Amino acid sequence: SAPQKPPEGPSVCLDRFSETRGTAGLRGGPKLRGTLDMSMSVQPSSGKAIPSGAEISADEDDPMVTLPNLIGRGALQLRSGREIDRSQLLQAMEAEFPRKRRGGYSTQDLDHIALPRRQPENHPPRLFDPMTPVEIFGADATWRKGRVTRVVEQVKDEFDWENNDVPEASDYNVFYNVGDFKMLNEEDLSLPMEFLVKEFGLRPFVWQQWAMLRLEDRIRFQQYHPRDFEELDATQFGKLCWQYWLAHPANADFKALWENHPFKNYLLDRVIHPFNLVDAQTDEYADWNISNAESISVYAYLSFLGSGTLVCAIILFIQISLPVSLYILSLQSQDGREFWEEGFCTGNGGIISKTILLAVMLIYLIKVTPKELMNFLRTAGAIENAVSRTISLRRTVWTQGDDTLTMRFGYALNVTMNTAYASLVYGLNIFILFNTTDATDILLNALAIEFIAELDEEIAAADWWDPERRYIQAGTVELTIRSTLRMHLLEDYREFCRVFEIDENDYQNALSDFRNLSLVDEQIAHRDAHDVEYAIDEEDSWWIQLTELASETGNNRAFDFFKGKNTSFSSVNFRSIYRKIRRLIVSEREDLPGPDVIFGRFYASYCWSKWERVMFLPSLPGSRKLKGKRSSYKVSSVLHRPVLHDAGVRAMMDDDGDDAAITADVEPDESQTTFMGRLRSVLNDRVYRTLQEISVVLSFQSFVVSIYNSVKRKERFGVLFSILYGVIEWLAYLIDVSFPLLMLLAVVLVPVCY
């Protein structure tokens, strides 16, 4: 698109601590006079600071001045002779620390996105300049709009300051601040998807669907195997798939566009991001590695893997039946207090019992209440640890509706039992203790409830359950694959064509010799799995042939190595038993994957012969078939759904029943119109996002989306389950939010009235 003139007025940005690495800024027109870029490179441990200098320039007539970290009184006199007064500093401060928070960027801002300016010698390149519109992939596993407010250029700790005077470009780490989100890595930032789609079209995102299926086909749950999910470099495999796709003869037009496009690496970074996330989930020291988490519930296994139903059912029965039974027994006990008849607040209890009861209430206040609050925030995805991040990723799959009914049931249990259940069971225990006269019984009942409440986590931590936590870690990798894939599109070719802007006639002609036009075809997938024509590299070709040879010669060890073992997380796997019986009856050598097999759940979509004809069909920007469709920044909400809010719910349920387009228009200023808008103006982004996530549930938005997904998938039982769970989730959040206040009242009232 033709560059447009930037908005009038000086563009001033404080960039005090700076690190860099190739960037994108605003393009179009000369740099405005008065532009201020306060940059400073710092090395925290040594305290040495290296001024960035004033060599950076947009052009010779109007240099881009870099200010040292010096702020004097009144006006500042620069070496270039330019004077910057207090009003410009106030404008710069407001740009980085706005008092009113609005949307991240507008559609007009996307027209000015450009490559970053040249950096001075010995400084690393940047990916993004200050004020660049970006999207952030945060701990909530959602792409959010924002603007880069500062680039932090930090010298690595291993740099030898004694023998090196000035660090070189390779001696820096580069981080970015986006609003209240600080020190973000470049892997978690991207140019807006709307901009990338307008520049490159939707064909790369069709490739992403195919590539994620290729990743699942390549990866294994087979410890000490070179393709085991902990050993395989997913990012490098993604780049291998990209090169295979890019070099395909049918993709010559896109290759020509991509190779000459200035933003080609930004596109590659965006479509490769799920592969980076898989590597982060298997990296021992990464924030996404759940194997290092202190506590994981057995319900999380059912939520992530869709397996372990029997054990979860047993633990659920124990955790529900025991507290209720204890409460009923306390009411039926002859030694119990008849406070229902005598009144609640009698105050005639023994001093020893009152003391023990007060101690238990104080334990609940200083230990249980903070713990349950943290569990609630972790379940709501508001804490930046591995469990909270993974639950947020799981919620993304829930919102998309691309999980199974078993996984949905597990997700509902995981959320409910880690929020409302603990609050309810501790609240119920207060009544049990209040109705107990014996001091020893008070203490024993308190300990019993503590054990029951944590039983699900105790079982998950047992050595026999998941000793090295490989199963739960594999489940998180599967969540990344599942959250990227749009299986409902692969099942319905008409919906696939609509979302990816493919002409239905072209699609039908491409697959004219197939009876099944969808991209879920187990028969074709089984045939293509043995065809070396669809191998993406030489290794793939050899392994396919060696698998066939091992099968023909009956070499089971070689077959398991080259083909892989089908593994499930279940003590009694009825599907696996059925497959083994079927192999004995029909004399099949190969045990085919299925929906219960880890890294084999989407086997029916491995129909590579169909993908070879389909994934090059989306037209490129500027083609006749896309005339008028790419004139504005629009991306189907099926591919790019922003954070849930009222407008998002209306967009998903428009009058036509189709997914509405999500545009990059700036969010309206709600600071004077809504309660959440007023909160946004006074809270930082992280706190506001946490409250926003809670409000999504309490305002029934999550409830509406869940029902909508079930209706759209035509799931009768799913609709009933979504209605039931929606009510339970709402009550769970309400109880957990009010639990701290109830505990404060209980600490005072219960011992006094006992």
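Look a little higher up for the structure.
Residues numbered from 1 in each chain as written. Predicted model: local features only at pLDDT ≥ 70, side-chain atom pairs only at ≥ 80, totals over all residues. Heavy atoms only, no water.

All right, on to unusual backbone geometry then. Positioned with a positive phi, Asn122 is a non-glycine residue whose angle comes to about 70 degrees. Inspection of the secondary structure assignment puts Asn122 in the loop between strand E9 (113-114) and strand E10 (133-137). Phi angles above zero are rare outside glycine, and Met183 is one such case at about 55 degrees. Counting through the fold element by element, Met183 comes out in strand E13 (residues 181-184). (Helix = DSSP H or I, 4+ residues; strand = E, 2+ residues; numbered from the N terminus.)

This paragraph deals with empty space enclosed by the protein. Under the definition given, this model contains 10 cavities of 30 Å³ or more. Computed from the structure, the second largest cavity encloses a volume of approximately 530 Å³. In this structure, the second largest cavity is lined by 35 residues; those nearest its centre are Asp217, Arg218, Arg220, Phe562 and Lys563. Elements represented by at least two residues in the lining of the second largest cavity include exactly helix H4 (203-218), helix H22 (538-553) and helix H23 (556-563). Here the element with the most residues in the lining of the second largest cavity is H22; it accounts for five residues. (1 Å grid on protein atoms, 1.4 Å probe; cavity = no way out; pocket = protein on both sides within 12 Å on 5 of 7 lines; lining within 4 Å. Points joined across faces, edges and corners; volume = space filled by probe spheres on them.)

Mapped onto the fold, Asp279 is located in helix H7 (residues 264-282). We note that Asp279 is buried and unpaired, the nearest opposite charge coming from Lys239 at a distance of 8.7 Å. Among all residues touching Asp279, those that are not within four sequence positions of it are Leu232, Asp233, Ala234 and Thr235. (Buried < 20%, exposed > 50% of the residue type's maximum accessible area, 1.4 Å probe, protein only. Lys, Arg positive; Asp, Glu negative; His and termini not counted. Salt bridge = Lys/Arg side-chain N within 4 Å of Asp/Glu carboxyl O. Contact = heavy atoms within 4.5 Å.)

Our next topic: helix H17 (residues 470-484). Here H17 is 15 residues long and its end C-alpha atoms lie 22 Å apart, about the 21 Å a rise of 1.5 Å per residue gives. With 14 of its 15 residues buried, H17 lies for the most part within the structure. (Expected span 1.5 Å × (residues − 1).)

Ranked by internal contacts, the top residues of the largest apolar core, which has 142 residues, are Trp207, Trp210, Trp242, Met361, Phe496, Tyr507 and Trp611. The leading source of residues in this core is H7, at nine residues. Excluding anything up to four places from it in sequence, Trp242 contacts Pro204, Trp207, Phe254, Trp258, Leu267, Leu268 and Val271. (Core = buried A, V, L, I, M, F, W, Y, C linked by side-chain atoms within 4.5 Å.)

Turning our eyes to something else, we now look at the pairing of E10. Side-chain direction in a regular strand flips from residue to residue, so the side chains alternate between the two faces of the sheet. Judged by how many residues are buried, E10 sits mostly within the fold: five of five residues are covered. Burial along E10 is two-sided: Pro133, Glu135 and Phe137 and Val134 and Ile136, pointing in opposite directions, are all buried. For E10 and strand E11 (residues 143-155), the ladder comprises five bridges, and the chain directions are antiparallel. The partner of Val134 across the bridge, within E11, is Gly146. Connecting E10 to the next strand, E11, in antiparallel fashion are five residues, including Ala141 with a positive phi near 60 degrees. With two bridges connecting them, E10 and strand E14 (residues 189-190) associate as antiparallel partners. When the bridges of E14 are listed, Glu135 appears paired with Ser190. (Pairing = 2+ DSSP bridges.)

Of all seven residues in strand E12 (residues 172-178), six are buried, a share of seventy percent or more. Relative to E12, E11 runs antiparallel, the two being bridged by seven bridges. Its bridge partner lying in E12, Val155 is registered against Tyr172. Relative to E13, E12 is paired through two bridges, and the arrangement is antiparallel. The residue bridging Val178 from the neighbouring strand is Phe181, located in E13.

Our focus in this paragraph is the packing of aromatic side chains. For the structure on display, the rule yields 34 aromatic pairs. Each ring, one from Trp207 and one from Trp245, has its centre 6.3 Å from the other, and the planes form 50 degrees; the classification is tilted. Here Trp207, found in helix H4, pairs with Trp245, found in helix H5 (residues 234-246); they are 38 residues apart in sequence, far enough to count as distant. For the pair Trp207 and Trp245, one class covers both residues: buried. Put simply, the rings of Phe200, Trp207, Trp242, Trp245, Phe254, Trp258, Phe275 and Phe616 pair up and form one aromatic cluster. The lysine or arginine in question, Arg214, covers the ring of Trp608, its NZ or CZ lying 4.0 Å from the ring centre. If you follow Arg227 out to its NZ or CZ, it ends over the ring of Trp543, 3.9 Å from the centre. (Phe/Tyr/Trp six-rings, centres within 6.5 Å; stacked < 30°, edge-to-face > 60°. Lys NZ or Arg CZ within 6 Å of the ring centre and 35° of its normal.)

Taken as a whole, this structure holds 23 salt bridges when the rule is applied. A salt bridge links Arg394 to Asp403; the nearest nitrogen and oxygen atoms lie 2.9 Å apart. For the pair shown, Arg394 and Asp403 are each scored as buried. Arg494 serves as the salt-bridge partner of Glu504, at 3.7 Å between the closest nitrogen and oxygen. Residue Glu504 is found in helix H20 (residues 504-510), and its partner Arg494 is found in helix H19 (residues 493-499); the two are separated by 10 residues along the sequence. We classify Arg494 as partly exposed; its relative accessible area is 46%.

Treat this as a map of the structure, not an account of what it does.
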